[in-house]
Amino acid sequence: MDAIEKAYLQHAKDVYRYLLSLSHDEDLAEDLTQETFFRAMGTIGHYDGSCKLSVWLCQIGKHLWYQWLEKHSKRQQVELTETLPGDGPPERTVLLHMDKTTLYQAIHALPEPMREVVHMRLTGEFSFAEIGKILGKSENWARVTFYRAKKRLMEKLEGAQ
């Protein structure tokens, strides 16, 4: 079994879940996951081991997601609630009862690490430990970042009402 096949077996599920948390589309997340590993095959020589392999793969996936967004920027986005299951973190239940447009505008206005953690937590249903692992940070960092993002969102949304 070669290195990429081994990496696929170990990390494909995490990469898929990460891309699903970004795209909110199962088919697109699957396509991007496949493309991530295809690209990784061609650039495995550039992997220097300075981060975990799963983090490196998620970074490739994130860049592919950004490329897809750029290419399809005029395409109408699907509402996130269509792909959200009923059960999940309690924060999501509270936030989904707010005006969706205002909420997603507020999330979009967050700085990048906060925005990514919020998306992963609310739509990907990742645990804080998984978020920390994917982003190459600690579980505590993910908790604190989410808490700060949630606090900013609440302040912004209270100001909008």
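The structure displayed is predicted, hence computed values, not measured ones.

Draft legend 1. Examining the packing of aromatic side chains more closely. Inspection of the entire model under this criterion finds three aromatic pairs. Between tryptophan 65 and tryptophan 68, the ring centres sit 5.6 Å apart and the planes meet at 10 degrees, which makes this aromatic pair stacked. On the criterion of helical spacing, the pair formed by tryptophan 65 and tryptophan 68 is a turn pair, its members being three residues apart in helix 3 (residues 53-71). Taken individually, tryptophan 65 and tryptophan 68 each receive the classification buried, so the pair is uniform in this respect. The ring of phenylalanine 128 has arginine 121 lying over it, and the distance from NZ or CZ to the ring centre is 4.1 Å.

Draft legend 2. Examining the side chain of serine 54 more closely. Relative to the helices and strands, serine 54 is located in helix 3. Residue class for serine 54 comes out buried when judged on its relative accessible area of 5%. Ignoring sequence-local partners within four residues, the contact set of serine 54 consists of His11 and Lys133.

Draft legend 3. Up close: the nonpolar core. Tyr18, Leu19, Trp65, Val118, Met120, Ile131 and Ile134 are the most contacted members of the largest nonpolar core, which has 37 residues in total. Mapped onto this core, the elements with two or more residues apiece are helix 1 (3-23), helix 2 (26-43), helix 3, helix 5 (100-109), helix 6 (112-122), helix 7 (128-135) and helix 8 (139-160). Residue contributions to this core peak at seven residues, all from helix 3. Residues in contact with valine 118, not counting those within four places in the same chain, are Ile107, Leu110, Thr123, Phe146, Ala149 and Leu153.

Draft legend 4. Representation of the environment of alanine 106 within the structure. Residue position: alanine 106 is located in helix 5. On the basis of relative accessibility, which here comes to 3%, the residue alanine 106 falls in the buried class. Discounting chain neighbours no more than four positions away, the residues touching alanine 106 are Leu153, Lys156 and Leu157.

Definitions and cut-offs
Residues numbered from 1 in each chain as written. Predicted model: local features only at pLDDT ≥ 70, side-chain atom pairs only at ≥ 80, totals over all residues. Heavy atoms only, no water. Phe/Tyr/Trp six-rings, centres within 6.5 Å; stacked < 30°, edge-to-face > 60°. Helix = DSSP H or I, 4+ residues; strand = E, 2+ residues; numbered from the N terminus. Buried < 20%, exposed > 50% of the residue type's maximum accessible area, 1.4 Å probe, protein only. Lys NZ or Arg CZ within 6 Å of the ring centre and 35° of its normal. Contact = heavy atoms within 4.5 Å. Core = buried A, V, L, I, M, F, W, Y, C linked by side-chain atoms within 4.5 Å.

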